[in-house]
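Notes for the structure review
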Amino acid sequence: GDQVKQSPSALSLQEGTNSALRCNFSIATTTVQWFLQNPRGSLMNLFYLVPGTKENGRLKSTFNSKESYSTLHIRDAQLEDSGTYFCAAPTSGGNYKPTFGKGTSLVVHP
Amino acid sequence: AQTIHQWPVAEIKAVGSPLSLGCTIKGKSSPNLYWYWQATGGTLQQLFYSITVGQVESVVQLNLSASRPKDDQFILSTEKLLLSHSGFYLCAWSLTGGDTEVFFGKGTRLTVV
C-alpha cells in the first residue's frame, strides 16, 4: 500500500475560504516536507517540519509523528494558491529516499 | 545561495533515440543528488540518488541510467528511448547525511513520439 497517503485528492475552494490538507504515513518518519507544484511543474518548498507546527503567512502546517500524520492549513485562499500540493517523507532503510504522496490538486475560484 | 539548473527545459524525441538530461548545483559542496520522474498528473517517483562523485544508486529501473561525473553535476541518460519515458524529470539536492530538506530544479519536460 501507499506509504504516504494524501487527502483529499482534489479540492475546489472559493477565494477567501479556509481548508486543510492531510498526509498520513504508514512509515516511521521524523520529518515531513510540503511542496506546491505550479502548472508549469516547478516545485516550491512550503514547509520542512520536525514534529510540531510552523506557520508562514496564510499557511500553517503541523506534524504529529506519534500519530503519523501532517496537515497543511490554508487560510483565506487566494487564486495563486491553486496547484498541486505534495507531502513527502523520508523512508528508512539505509538510503535516503523521500517518498511522495499522490498529491492534492487545489483549484481556487473567484 | 544555492542554485540548481536543469537542462534542457523541454525535449521532443523519437522512440529509440538517445537521451541526456543534465543538472548542475552551485553553491553547495558535496550535496546528495536525486533524479525524480513524474508522469502527467502523477506523483514523483525517485529514480536515482547519489551521495558522492562517481557513486549512483538506482531506486527504480526504467531503462535509464545516471552518472555523477563531477561533485556538482548529475546526468540522466538512456541509449534508447521508449514511449513510457515521456514525462517530467526533476533533479533535486539535499545536504549530506540522512533526513534533510530536499530542493528541486525546474524540471525537464520530455515527450517521446
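That block above? That's the structure.
These notes cover the structure that comes with them.

Cut-offs applied
- Residues numbered from 1 in each chain as written.
- Chains lettered and ligands numbered in written order.
- Predicted model: local features only at pLDDT ≥ 70, side-chain atom pairs only at ≥ 80, totals over all residues.
- Heavy atoms only, no water.
- Contact = heavy atoms within 4.5 Å.
- Buried area = accessible area lost by both parts, 1.4 Å probe.
- Salt bridge = Lys/Arg side-chain N within 4 Å of Asp/Glu carboxyl O.
- Polar contact = N/O pair within 3.5 Å; in protein donor to acceptor, adjacent residues only side chain to side chain.
- Helix = DSSP H or I, 4+ residues; strand = E, 2+ residues; numbered from the N terminus.
- Nonpolar A, V, L, I, M, F, W, Y, C, P; charged D, E, K, R; others polar.
- Disulfide = S-S within 2.5 Å.
- Buried < 20%, exposed > 50% of the residue type's maximum accessible area, 1.4 Å probe, protein only.
- 1 Å grid on protein atoms, 1.4 Å probe; cavity = no way out; pocket = protein on both sides within 12 Å on 5 of 7 lines; lining within 4 Å.
- Points joined across faces, edges and corners; volume = space filled by probe spheres on them.
- Pairing = 2+ DSSP bridges.
- Axes fitted to C-alpha atoms, helices over the stretch in contact; angles between N-to-C directions.
- Phe/Tyr/Trp six-rings, centres within 6.5 Å; stacked < 30°, edge-to-face > 60°.

Turning our attention to the interface of chain B and chain A. In this assembly, 23 residues from chain B lie in contact with 20 residues from chain A. Each partner contributes to the roughly 1,800 Å² buried at the junction of chain B and chain A, and carbon and sulfur atoms together form 52% of this total. Viewed at the interface, chain A and chain B are joined by 0 salt bridges. The tally of links from chain B across to chain A stands at 8 residue pairs in polar contact (both at pLDDT 80 or more). At the level of elements, β4 (32-38), β5 (44-52), β9 (87-94) and β10 (102-104) of chain B are the ones that each hand at least two residues to the side of chain B that touches chain A. A per-class count over the side of chain B that touches chain A returns 11 nonpolar, 8 polar and 4 charged.

Residue and element names in this part refer to chain B. Tallied over the full model, the rule gives 2 disulfides over all chains. Disulfide pairing places C23 opposite C91 at an S-S distance of 1.9 Å. One disulfide, between C23 and C91, carries an S-S torsion of -75° and so falls in the left-handed class. You can see C23 sitting in strand β3 (residues 19-26) and its partner C91 sitting in strand β9, a full 68 residues away along the chain. Since its relative accessible area comes to 0%, C91 is described here as buried.

Attention now moves to the layout of surface pockets. The computed volume of the largest pocket comes to approximately 280 Å³. Surrounding the largest pocket, 19 residues form its lining, Q37 and T84 of chain A together with Q38, G41 and G42 of chain B being those nearest its centre. Those elements that place two or more of their residues in the lining of the largest pocket are β9 (83-91) and β11 (104-109) of chain A. Tallying contributions element by element places β9 of chain A first for the lining of the largest pocket, with 3 residues. Among the residues making up the lining of the largest pocket, the classes are represented as 4 nonpolar, 13 polar and 2 charged. What the second largest pocket holds in volume is close to 210 Å³. Elements with a contribution of two residues or more to the lining of the second largest pocket: β10 (97-100) of chain A together with β5 of chain B. If one sorts the elements of the lining of the second largest pocket by residue count, β10 of chain A sits on top with 4 residues. Partitioning the lining of the second largest pocket into residue classes produces 4 nonpolar, 5 polar and 3 charged.

Time to look at the sheet that holds strand β8 (residues 69-74) of chain A. Each strand in a sheet pairs with its neighbour through backbone hydrogen bonds, running either in the same direction (parallel) or in the opposite one (antiparallel). All names here are of chain A. In space, the 5 strands of this open sheet follow the order β1-β3-β8-β7-β6, with antiparallel pairing throughout. In this open sheet, the two edge strands, each paired with only one partner strand, are β1 (4-7) and β6 (52-56). The sheet shows a mean angle of 15° between the axes of neighbouring strands, taken without regard to direction. As paired strands, strand β3 (residues 19-25) and β8 are joined by 6 bridges and run antiparallel to one another. Residue pairing for β8: R22 is matched across the bridge by T71.

Moving on to the pattern of salt bridges. Residues and elements named next belong to chain B. Summed over the entire model, instances satisfying the criterion amount to 3 salt bridges over all chains. Close ionic contact of K26 with D72 constitutes a salt bridge, the shortest N to O distance being 2.6 Å. Taken together, the residues K26 in strand β3 and D72 in the loop between β7 (65-70) and β8 (73-78) connect sequence positions 46 residues apart. Given a relative accessible area of 44%, K26 falls into the partly exposed group.

Looking now at the packing of aromatic side chains. Aromatic ring pairs are described here by two measures, namely the spacing of the ring centres and the angle between the planes. Counted by the stated rule, this structure contains 10 aromatic pairs over all chains. Note on F100 of chain A and Y36 of chain B: the rings are 5.4 Å apart at their centroids and 75° apart in plane angle, and the pair reads as edge-to-face. Here the residue F100 of chain A occupies a position in strand β10, and Y36 of chain B occupies one in strand β4, the pair thus bridging two chains. Ring geometry for W35 of chain B and F74 of chain B: centres 6.0 Å apart, planes at 25°, overall stacked. Taken together, the residues span a long stretch of sequence, with W35 of chain B in strand β4 and F74 of chain B in strand β8 at a distance of 39 residues.

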